[in-house]
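Chain by chain, the residues run as shown.
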Amino acid sequence: RLAESWLDVRVLPKFVNLAVDGSTAVDWSHSVDAKLAQSLADSEVPRLVVLMLGVNDCVGSRDKRGLSLLGFQSALRYVVKRVLALSSVQALLLLKPLPIGCKSYGVENSDLRPYADFYDDLAVLDPRITVLDTFALRFEANDYVDWDGLHPGLTGHQKVCDYVGPVIDRLL
């Protein structure tokens, strides 16, 4: 759907996905400069960067692989500052973590709420930051992949696209 709304644009935006399954804010804090350099080498300079981190940090904090909430906050703040240091970035879209469909990996939405709420603190750092409350999206059981209640399936991704797409259109 996004591409349809850009048909009248001379140059379609190029999307570069730098996500790695299971990555956390601390993973990103250690690799953000390399990821940005890779993106710059592979494509045009980014005008819009979209970040969504927090679920893996929260899940990992329960099994000691991830960070505490304070560690997550420090790591995400660092990533945001590094992204904004690129002069080409006109907008940074921060998506709060998606809600969890059931008690998954020992984590509930009440555990994830502080991770999502921290995004509001980041919004005041720079006028180029927009925060979307994707944590508030209402997901049904069939919006997740069958096995985990954590990762969105086809209908879940469609809900995210319908919510985030118009904002991306506006920011580009």
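Residues numbered from 1 in each chain as written. Predicted model: local features only at pLDDT ≥ 70, side-chain atom pairs only at ≥ 80, totals over all residues. Heavy atoms only, no water.

## Comments concerning the sheet that holds strand β1 (residues 48-51)
Think of a sheet as strands paired side by side through backbone hydrogen bonds, with each pair either parallel or antiparallel. The strand order across the open sheet built from three strands is β1-β2-β3, with neighbouring strands paired in parallel fashion. The open sheet has two free edges, formed respectively by β1 and β3 (129-132), since each of these has just one partner strand. The average angle at which neighbouring strand axes cross in this sheet is 20°, direction not considered. As judged from the four bridges shared by β1 and strand β2 (residues 91-95), these two strands associate in the parallel manner. Considered in β2, the bridge of L48 is made with A91. (Pairing = 2+ DSSP bridges. Helix = DSSP H or I, 4+ residues; strand = E, 2+ residues; numbered from the N terminus. Axes fitted to C-alpha atoms, helices over the stretch in contact; angles between N-to-C directions.)

## Structural notes on the pairing of β2
Counting buried residues along β2, five of its five residues qualify, which places the element largely inside the surrounding structure. Burial along β2 is two-sided: the residues A91, L93 and L95 and L92 and L94 are all buried. Pairing geometry for β2 and β3, over four bridges, is parallel. Residue pairing across strands places L92 opposite I129, the latter belonging to β3. (Buried < 20%, exposed > 50% of the residue type's maximum accessible area, 1.4 Å probe, protein only.)

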